[in-house]
Number of protein chains: 2
Amino acid sequence: MERPRIRDYFQQDLSQNETITPKQRAILQASLDLFAEKGFDQTSTSDIAQRAGVAEGTVYRRYKTKAALRDAILAPITAHIVPILASDFSEDELRQRYPSLQAFVTAIFTDRVAFAKANVKELKVIFEMAAFDTERREQILSQIAPKMVKQMGSVINKLKADHLIVDWPNDLILQSLLSQLFGYLAQLMLELPGTEIEREQAYLITVMTKILTPGEHDQITGQ
Amino acid sequence: MERPRIRDYFQQDLSQNETITPKQRAILQASLDLFAEKGFDQTSTSDIAQRAGVAEGTVYRRYKTKAALRDAILAPITAHIVPILASDFSEDELRQRYPSLQAFVTAIFTDRVAFAKANVKELKVIFEMAAFDTERREQILSQIAPKMVKQMGSVINKLKADHLIVDWPNDLILQSLLSQLFGYLAQLMLELPGTEIEREQAYLITVMTKILTPGEHDQITGQ
DNA sequence: AAAATAAGTGAGTGATAACTCATTTTAATG
DNA sequence: CATTAAAATGAGTTATCACTCACTTATTTT
């Protein structure tokens, strides 16, 4: 059940361009950890230096500002989170036919959820930025949203054509599915008490299947 | 279509204990606005003073620290948000029978959504606090969660007894419904582009009904 | 191994933000 | 109207934080 970690792509990205020293790597790791724990504003550069075991000046050697450090952390996350969360649909999953919608939904979401679980810190960071920093939100969404809508849109269209799922506008289908997914991820990220993760996961699949299944209540009334 | 505003309870609360001067009221209003616009950390006390049209010292007259000011804002929100979001179920809605589950869900959620729309600023503030301040989150949740679970739990139990909805654990039902609601609220709060609010709202009801409707996919498999 | 380049250091700096307090202004009371 | 109390003021204090730089240590090159 090995899941890819954004962290790995992270290091991969960096070592492509220039060599990265162990101390610089420690700074990035400490920043990610602290941003996820306390949030960006609540983390000082001296906090980062302390956690990374370096002098504060070292933090500023590669990244000229704290904002640049944040962006250096954010970039690989936004770059890799979409391809993994949204891609591979048409290639792998759709090629083979699934016996039921439930089986299909299960196949698609179990490993996405596993991926999310393996990258909780990264998700926390990206959520904070997207939620409370308007500029950052627009930046992140402009990179993520179009690809996501396109990738998943093609899957949805194929399923619609075969009358396997409800005939609703794609953005509405996506919204309800993502709401369920994020609701689940919120539990992981916020470490809410009294949640049995495994049970929730099976339930998540069931609810998503139910939403997608064509049925009697599908006429959307109102304007 | 007048919906209660937390703002009103806010002023009500304050005027009960002591008299509140116009300038102090302006400070609270400015704080709420700025916290919702920029977030707590990004708002300085001088920002607040400027927006409220008072001297910075005046901000500290009633509230000894910035944190105390935050708590004074947070308290009435948490205190009144639950009774309105979760209550009145058994009293009003459940007494009369609804022709369909859809009608019941519609009746319950339309005014909750309207209430949320009328209090977007307050919701933004409470979400920021709950999302990235662990202490505040526990404080807020300990006040909100138990009441919510209890209030809505009783409604769910009655519906279950009549076999009108799925026989799932209450916390799981709540989670999926709240996920949908929050997914919708996120659009309001983040002002995401390209969303037609009215259409989403009708859709929200439909999805919630679909989730609740008993059916064939309701066995939760997996462990 | 000497020279040159890069990496790392930490005391120091300027700016900003939270918070204080002596004084002034406003409101209440006799 | 005079006196007293409360409210408001804003210049000033302290602390913290992002960021700099002259200098030291490590690494690479010749």
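Residues numbered from 1 in each chain as written. Chains lettered and ligands numbered in written order. Predicted model: local features only at pLDDT ≥ 70, side-chain atom pairs only at ≥ 80, totals over all residues. Heavy atoms only, no water.

1. Describing the overall build of chain A
From N to C terminus, chain A includes 11 helices and zero strands. Along chain A, helices (α) and strands (β) appear in the sequence α-α-α-α-α-α-α-α-α-α-α when read from the amino end. Counting only residues that meet the buried cut, chain A has 48% of its 223 residues in that class. Summing over all exposed atoms, chain A offers an accessible surface of approximately 11000 Å²; the carbon and sulfur share of this is 53%. (Helix = DSSP H or I, 4+ residues; strand = E, 2+ residues; numbered from the N terminus. Buried < 20%, exposed > 50% of the residue type's maximum accessible area, 1.4 Å probe, protein only. Areas by Shrake-Rupley, 256 points an atom, 1.4 Å probe, with all protein chains shown as cover.)

2. Comments concerning the UniProt feature "DNA-binding region" (unreviewed entry) in chain A
The positions that UniProt labels "DNA-binding region" (unreviewed entry) are, in the present scheme, residues 44–63 of chain A. What you have in residues 44–63 of chain A is 75% helix and 0% strand, and the ends, taken at the C-alpha atoms, are 14 Å apart. (UniProt positions renumbered as here; feature names shortened; annotations may be inferred.)

3. What to know about the relation of the copies chain B and chain A
The operation relating chain B to chain A is a screw motion whose rotation component is 179°, with 0.0 Å of axial translation and a residual RMSD of 0.1 Å. The transformation just described matches what one would write down for a two-fold rotation axis. Residue Ser 179 of chain B of chain B places its C-alpha closer to the rotation axis than any other residue of that unit, at 2.7 Å. Comparing interface residues between copies, 98% of those in chain B also lie at the interface in chain A; the contact surface is shared. (Least-squares fit on C-alpha atoms with pLDDT ≥ 70 in both. Contact = heavy atoms within 4.5 Å.)

4. Focus on the nonpolar core
In this structure, Ile 173 of chain A together with Ile 173 of chain B are the most contacted members of the largest nonpolar core, which totals 126 residues. Beyond its immediate stretch of four places on either side in the chain, Ile 173 of chain B contacts Tyr 203 of chain A together with Ile 156, Lys 160, Ile 165, Val 166, Trp 168 and Leu 212 of chain B. (Core = buried A, V, L, I, M, F, W, Y, C linked by side-chain atoms within 4.5 Å.)

5. A closer look at the pattern of salt bridges
Inspection of every chain in the model, using the stated rule, returns 23 salt bridges over all chains. The residue Arg 70 of chain A makes a salt bridge to Asp 71 of chain A at a minimum N-O spacing of 3.1 Å. Look at Arg 70 of chain A and you get buried, because its relative accessible area is 7%. Here Asp 171 of chain B ties to Arg 199 of chain A by a salt bridge, and the two come within 2.7 Å at their closest N and O atoms. A residue pair is termed interchain when its members come from two chains, as with Asp 171 of chain B in helix α10 (residues 170–190) and Arg 199 of chain A in helix α11 (residues 197–212). On the basis of relative accessible area, Asp 171 of chain B is assigned to the partly exposed category, the value being 38%. Each member of the salt-bridge network shares a partner with another, and the members are Arg 70, Asp 71, Asp 133 and Arg 136 of chain A. (Salt bridge = Lys/Arg side-chain N within 4 Å of Asp/Glu carboxyl O.)

6. Considering the protein's contact with DNA strand C
The environment of DNA strand C is formed by 16 residues, the closest being Lys 23 and Thr 58 of chain A together with Thr 45, Tyr 60 and Lys 66 of chain B. Counting only atoms of DNA strand C within 4 Å of the protein, the fraction found in sugar and phosphate groups is 67%. With respect to DNA strand C, the side chain of Arg 61 of chain A contributes an N or O atom lying 3.1 Å from a base nitrogen. Lys 66 of chain B is positioned with one of its backbone polar atoms (N or O) 2.8 Å from a phosphate oxygen of DNA strand C. Broken down by secondary-structure element, the contributors of at least two residues to the surface near DNA strand C are α2 (22–38) and α4 (56–62) of chain A together with α4 (56–62) of chain B. In terms of residue count, the dominant contributor to the surface near DNA strand C is α4 of chain A (three residues). A per-class count over the surface near DNA strand C returns three nonpolar, eight polar and five charged. (Near = heavy atom within 4 Å. Polar contact = N/O pair within 3.5 Å; in protein donor to acceptor, adjacent residues only side chain to side chain. Nonpolar A, V, L, I, M, F, W, Y, C, P; charged D, E, K, R; others polar.)

7. A few points about the interface of chain B and chain A
Taken together, the contact between chain B and chain A spans 44 residues of the former and 48 residues of the latter. When chain B packs against chain A, the two sides together hide about 3800 Å² of surface, and 56% of this comes from carbon and sulfur. Inspection of the chain B/chain A interface yields two salt bridges. In this assembly, chain B and chain A are joined by 15 residue pairs in polar contact (both at pLDDT 80 or more). Looking at the side of chain B that touches chain A, the elements with two or more residues in it are α8 (120–132), α9 (134–161), α10 and α11 (197–212) of chain B. When the residues that make up the side of chain B that touches chain A are grouped by side-chain class, the tally is 19 nonpolar, 16 polar and nine charged. (Buried area = accessible area lost by both parts, 1.4 Å probe.)

8. Considering the packing of aromatic side chains
Aromatic ring pairs are defined here through the distance separating the ring centres and the angle between the ring planes. All told, the structure shown has seven aromatic pairs over all chains when counted by the stated rule. With centroids separated by 6.5 Å and ring planes inclined at 90°, the aromatic side chains of Phe 132 of chain A and Phe 132 of chain B adopt a geometry described as edge-to-face. Of this pair, Phe 132 of chain A sits in helix α8 (residues 120–132) while Phe 132 of chain B sits in helix α8, on two different chains. Considering the side-chain rings of Phe 127 of chain B and Phe 182 of chain B, the 5.5 Å spacing of their centres and the 90° angle between planes classify their relative orientation as edge-to-face. One end of the pair, Phe 127 of chain B, is in helix α8; the other, Phe 182 of chain B, is in helix α10, with 55 residues separating them in the sequence. Its relative accessible area of 41% is what places Phe 182 of chain B among the partly exposed residues. Directly above the ring of Phe 40 of chain A sits Arg 70 of chain A, whose terminal nitrogen or CZ lies 5.3 Å from the centroid. (Phe/Tyr/Trp six-rings, centres within 6.5 Å; stacked < 30°, edge-to-face > 60°. Lys NZ or Arg CZ within 6 Å of the ring centre and 35° of its normal.)

9. Description of the protein's contact with DNA strand D
In the region of DNA strand D, 16 residues are neighbours, and Thr 45, Tyr 60 and Lys 66 of chain A together with Lys 23 and Thr 58 of chain B sit closest. Among the atoms of DNA strand D lying within 4 Å of the protein, the sugar-phosphate backbone contributes 64%. Ala 55 of chain B places a polar main-chain atom, nitrogen or oxygen, 2.9 Å from a phosphate oxygen of DNA strand D. Within the backbone of Gly 57 of chain B, an N or O atom sits 3.5 Å from a base nitrogen of DNA strand D. The leading source of residues in the surface near DNA strand D is α4 of chain B, at three residues. Tallied by class, the residues present in the surface near DNA strand D amount to three nonpolar, eight polar and five charged.

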